[in-house]
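# Architecture at a glance
Residue-level listing of the chains:
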There are 2 protein chains.
Amino acid sequence: MNGAESLVRSLLANGVDVCFTNPGTSEMHFVAALDHVPGMRCVLGLFEGVVTGAADGYYRMLGKPASTLLHLGPGLGNGIANLHNAKKAFSGVVNIVGDHATYHLAYNAPLTSDIEGLARPVSHWVKTSPDAKQIGADGALAVQAARQAPGQIATLILPADTAWNEAAEIAGALEPDPRKTVDPDVIENAAKAIRAAKNPLLLVGGDALRAHNLEMAGRIAAKTGAKIMSEGFNARLDRGAGRVQINRIPYVVELAQETLAPYDKVIMIGAKPPVAFFAYPDKPSTLYPESCEMVALSSVDEDITRSLEDLADALDARGTEPAGIAQPGRAELPTGGQINPEGIAKVISALLPENAIVVDESVTTGRQFFPTTAGAPPHIWMNNRGGSIGFGLPVAIGAAVACPDQKVIALEGDGSAMYTIQSLWTMARENLDITIMVFANRSYNILRGELTNVGVQNPGPRAVDMLTLDRPDIGWVDMARSMGVEAQKVSDLGALGRAFDDGLAHKGPYLIELEM
Amino acid sequence: MNGAESLVRSLLANGVDVCFTNPGTSEMHFVAALDHVPGMRCVLGLFEGVVTGAADGYYRMLGKPASTLLHLGPGLGNGIANLHNAKKAFSGVVNIVGDHATYHLAYNAPLTSDIEGLARPVSHWVKTSPDAKQIGADGALAVQAARQAPGQIATLILPADTAWNEAAEIAGALEPDPRKTVDPDVIENAAKAIRAAKNPLLLVGGDALRAHNLEMAGRIAAKTGAKIMSEGFNARLDRGAGRVQINRIPYVVELAQETLAPYDKVIMIGAKPPVAFFAYPDKPSTLYPESCEMVALSSVDEDITRSLEDLADALDARGTEPAGIAQPGRAELPTGGQINPEGIAKVISALLPENAIVVDESVTTGRQFFPTTAGAPPHIWMNNRGGSIGFGLPVAIGAAVACPDQKVIALEGDGSAMYTIQSLWTMARENLDITIMVFANRSYNILRGELTNVGVQNPGPRAVDMLTLDRPDIGWVDMARSMGVEAQKVSDLGALGRAFDDGLAHKGPYLIELEM
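Residues numbered from 1 in each chain as written. Chains lettered and ligands numbered in written order. Predicted model: local features only at pLDDT ≥ 70, side-chain atom pairs only at ≥ 80, totals over all residues.

### Quick look at the overall build of chain A
What counts is decided by this rule: Note on conventions: DSSP H or I runs of at least 4 residues are helices, E runs of at least 2 residues are strands, and numbering of each starts at the N terminus. In this description the radius of gyration comes from C-alpha coordinates, and the expected globular size is given by 2.2 Å times residues to the power 0.38. Using C-beta atoms placed from the backbone, we call a residue buried if 20 or more other C-beta atoms fall within 10 Å of its own, exposed if 12 or fewer do, and partly exposed for counts in between. In this description, a residue-residue contact is defined by the distance between C-beta atoms placed from the backbone, which must lie within 7 Å.
Secondary structure summary: chain A contains 20 helices and 18 strands in total. Computed over its C-alpha atoms, the radius of gyration of chain A comes to 24 Å, within 12% of the 24 Å expected for a compact globule of 516 residues. The C-alpha extent of chain A, read off along each of the three principal axes, is 65 × 60 × 45 Å. Among the 516 residues that make up chain A, the fraction classed as buried is 62%. Contacts spanning at least 24 positions in sequence make up 81% of the contacts within chain A whose residues lie at least 6 apart.

### Observations regarding the interface of chain B and chain A
Cut-off, in case you're wondering: Gly falls in the polar group here, along with every residue not listed as nonpolar (Ala, Val, Leu, Ile, Met, Phe, Trp, Tyr, Cys, Pro) or charged (Asp, Glu, Lys, Arg).
Across the contact, 80 residues belong to chain B and 80 residues belong to chain A. For the side of chain B that touches chain A, the element with the most residues is helix α4 (residues 72-88) of chain B, which contributes 8 residues. For the side of chain B that touches chain A, a count of residues per class yields 45 nonpolar, 24 polar and 11 charged.

### Let's talk about the sheet that holds strand β6 (residues 153-159) of chain B
Residues and elements named next belong to chain B. Applicable threshold: At least two DSSP bridges between two strands are required for those strands to pair. Axis angles are defined between N-to-C directions and span 0 to 180 degrees, where every axis is a line fitted to C-alpha atoms and, for a helix, only to the segment in contact.
Ordered in space as β2-β1-β3-β4-β6-β5, the 6 strands form an open sheet in which the pairing is parallel. Every other strand in the sheet has two partners, leaving β2 (41-44) and β5 (125-128) as the edge strands with one partner each. Each strand of the sheet is rotated relative to its neighbour by a mean of 20 degrees, with strand direction disregarded. Judged from the 4 bridges that link them, β5 and β6 form a sheet pairing that is parallel. Paired with Trp125 across the two strands is Ala154, which belongs to β6. α4 contacts β3 (66-71), β4 (93-99) and β6 of the sheet and is inclined by roughly 170 degrees relative to β4.

### Quick word on the relation of the copies chain B and chain A
Applied cut-off: Least squares is used to superpose the copies, and the fit set is the C-alpha atoms of residues whose pLDDT is at least 70 in both copies.
Taken as rigid bodies, chain B and chain A are interconverted by a rotation of 180 degrees and an axial shift of 0.0 Å, the fit giving an RMSD of 0.0 Å. Taken together, these values place the two copies in the relation of a two-fold axis. A symmetric contact is evident, with 100% of the interface residues of chain B recurring at the interface of chain A.

### A few points about the packing of helix α3 (residues 48-62) of chain B against α4 of chain B
Residues and elements named next belong to chain B. Inclusion rule: Any angle between 65 and 115 degrees counts as roughly perpendicular, while under 35 counts as roughly parallel, over 145 as roughly antiparallel, and the rest as oblique. Note: crossing handedness is left-handed where the near helix turns anticlockwise from the far helix by less than a right angle, and right-handed where it turns clockwise.
Closest axis-to-axis distance for the α3/α4 pair is 7 Å, and the angle between their directions is 30 degrees. Accordingly, the angle class assigned to the pair α3 and α4 is roughly parallel. Here α3 runs over α4; the crossing is right-handed. Of the residues in α4, those in contact with Glu48, Gly49, Val51, Thr52, Gly53, Ala55 and Asp56 of α3 are Gly75, Asn78, Gly79, Ala81, Asn82, Leu83, Asn85 and Ala86.

### So, the domain arrangement of chain A
Residue and element names in this part refer to chain A. Spelled out, the test is: Segmentation into domains, and thus their bounds, comes from an automatic or database assignment.
According to the domain assignment, chain A consists of domain 1 (3-164), domain 2 (184-314) and domain 3 (341-515). Of note, the centres of domain 2 and domain 3, computed from C-alpha atoms alone, are 28 Å apart. Listed per partner, the contact involves 17 residues of domain 2 and 18 residues of domain 3.

### A closer look at the sheet that holds strand β6 (residues 153-159) of chain A
Residues and elements named next belong to chain A. Judged by pairing direction, the sheet is parallel, and its 6 strands sit side by side in the order β2-β1-β3-β4-β6-β5 without closing on themselves. Of all strands in the sheet, those with a lone pairing partner are β2 (41-44) and β5 (125-128), marking the two edges. Between one strand axis and the next, the sheet turns by 20 degrees as a mean value, whatever way the strands run. Across the sheet, helix α6 (residues 132-147) lies against β4 (93-99), β5 and β6, angled at about 165 degrees from β6, the strand it touches most.

### Quick notes on the pairing of strand β16 (residues 434-440) of chain B
The side chains of a regular strand alternate between the sheet's two faces. Residues and elements named next belong to chain B. Taken across its 7 residues, β16 has 7 buried, putting it largely inside the fold. Of the two faces of β16, both are covered, the one formed by Ile434, Ile436, Val438 and Ala440 as well as the one formed by Thr435, Met437 and Phe439. Relative to β16, strand β15 (residues 408-413) runs parallel, the two sharing 6 bridges. In the sheet register, Gly413 faces β16, and the bridge partner there is Phe439. Across 6 bridges, β16 lies against strand β18 (residues 510-515) in parallel orientation. If you follow Ile436 over to β18, its bridge partner there is Leu511.

Right, dumping it as structure tokens:
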């Protein structure tokens, strides 16, 4: 058994049985091992950003890491943007990055690079495995690191000779440290703050966004009059009919300030003090009033479920009916009319299947989708926590691989979709059950607003030219078909409704271009 | 004048007048400055790998750096693979990477990352500019670093408040250090080695690949009986009728060893001791015989032109007629037959326009293109020195922006083209004069050979599945049209000839899919 095979077997022994891959020569032994070793599902991506984003989406759904297989420093480089997003979403990922044979590095061949240096900014754990005897054990350590709450990025560098030399044994499972329980003093302090507050807010993130935890937050809210809100961008939010309905802190600084202005005490549960996505001249970095007290209950790596239960007990709220339960109710399906955000939200609300997974990279278009879709059947909503666009289509792949029985809906800005457009090919190859809406507004629309926000009035033609995606228009139907994905283009809400219905009925990927 | 404007003006004052951009919010002041400041041509890419690769191609043609504009760490991350390639090609590039305002970094907003950490592995020079008073001067330093022979990657990080605060003056031009002249002892040593050698080889790279330097090498060869060869991958090689014709060291280890076996002394002129692209079990890392003496004449950062002249003088070869001049002669255009590498080479040979720039990312298909195309009209041939695929289409963009009067021919493997496929859109937007051949063999064909090379016999279906690009086939005509590029598909050599002729006659981008 060579090192590559011992690594594959050790990953499997540690519960990692999916590998999103874009391999090269230095990874050929790993690829070959897949034939000897049953049980590892391999999913090929034609660009590494697809691969790393898919691992993110997979973790968001299953709470366990997938592996990626990447080709030396540049292959890792192409995966960095979506590893950044995965890191900010607290997704566990095990990257296997091939390198030259240890003795070959001295020759500075073309692909030689500082892989550890590239890995560190986006990894919690980095190691170059020194030899084939060690690689199995290092694989187990990498998985352990990736599984460490709340989920971490582990990057294991696999020199080619470490893959091809004779290995030692397969490493058994290593368990990560358990989540820490929140101290009773901290619970009591939060309870006291809520009791003392005039307008308390429960700011929820991480595991607090799961249905049963939101329900507990809802009981506390009902008992105390507290409101509940999430951070601006959630890795995974359970929502829909019968679940406690919450809103996100708005992206736009003034709206966020206005939203948070009423609160005098904010209890942070898996969340951090809310800050502006970007700084702007003469606007604050923090979004809450200076007079507001920020009270930490539990951080994202702690036992959030228990902290909410304990807080509910401290407030005698366990038996209270939760506040803010969304009543079942779909919007009426529009039969026509111009495509606009509110109309799109109605179409989604009217047709969204139960247990759907919505991956939302709609950027400007989707900011107002929440109220209209709140009463749709129970579903999951995912946002980009890292802010690097190009996360949506790959995350949809990972979610679909993780949960083949749930429909995935990807809501994509046209600008965003282009960064990892190779995703469509993987969706077609694996026949993943994903319906994509591309909001083709032919611009980096968000940046038009941002030009004003940073103080630029009346931008001239050369600035505007850098923010527009026309000249040429991207033909999304041709694009999708070129990679084997069925597609259609719609230009009114009636057609959108019919196309969305078609997409949902289709078992496999389906793309809808929304002319806006 | 704010910092962004002083930076743009300082870049211009230092000779940088092209910016390949993919901006975001943190770069909005830079974008706005483009309207106030005339003279900076901005070219938008929809993915950062397009942007950095374009800067590489631009430098290869003009020998002066372009700037890139990238959005924080993840934007830089997406550009890393092609910066790696540019670095290995000794291309000078000035990256401007926006960051959060200095005071906003402490809040760890979603896009916060270790930009310097990401930049270092692919940069010779990295600096975060501390404030708006300093940014102009830092811009000048960055250009100076990028221009330092033989060409370097300079990454200047621009915090948003450094862009929007009030600036100081515009920085004047800073000159890099001149190229070092090679010591007379070194010249004499090389001359002595050639005289003493039974079979000397001149191994040429860097500036030694320019026509006038090759001619000087040809004089030395004629006088001494030395042969001339280049490294396996050249940033820019002048070739074609009337120029000294040379071959490249083959990629395959055994072929390379066989090619280099006859030589007892190798004179390295802008080149390094040849090493294998990858290590393989039981194959050597170095490609030359153990008994062969490697003699350095000039390194890539030294005055190579002068070193060749001095060597010619030392060998009394200045007046000798150069050996190995390629005689004019095109292959006959095939009228039909199956598409194969030799046939493709004939089509290129028959139709290649004078002064064409060939960007060769043909990987397996193109290994034998050289002999057949040697007598075509004078042209330039570019290879990937960094080995990270996805370099070809972006480099073609940069070359076309640099030299609008020269036809660019991009030879692309289908697997390679997908990494930076967004390039097609920029080609259409800028109406760049690029004809693309995509060799659609529906596989990472190189990896099939590599599986065998690393010792894997009879790979099973799961391994082979990771190397094939069918299921689904990529429709290159649809792909091109989706981004506004005219295209056709051909399946025999006659049709290829007609399509290539159409592409060459067309002023603007044109893609040909070769069914193989």
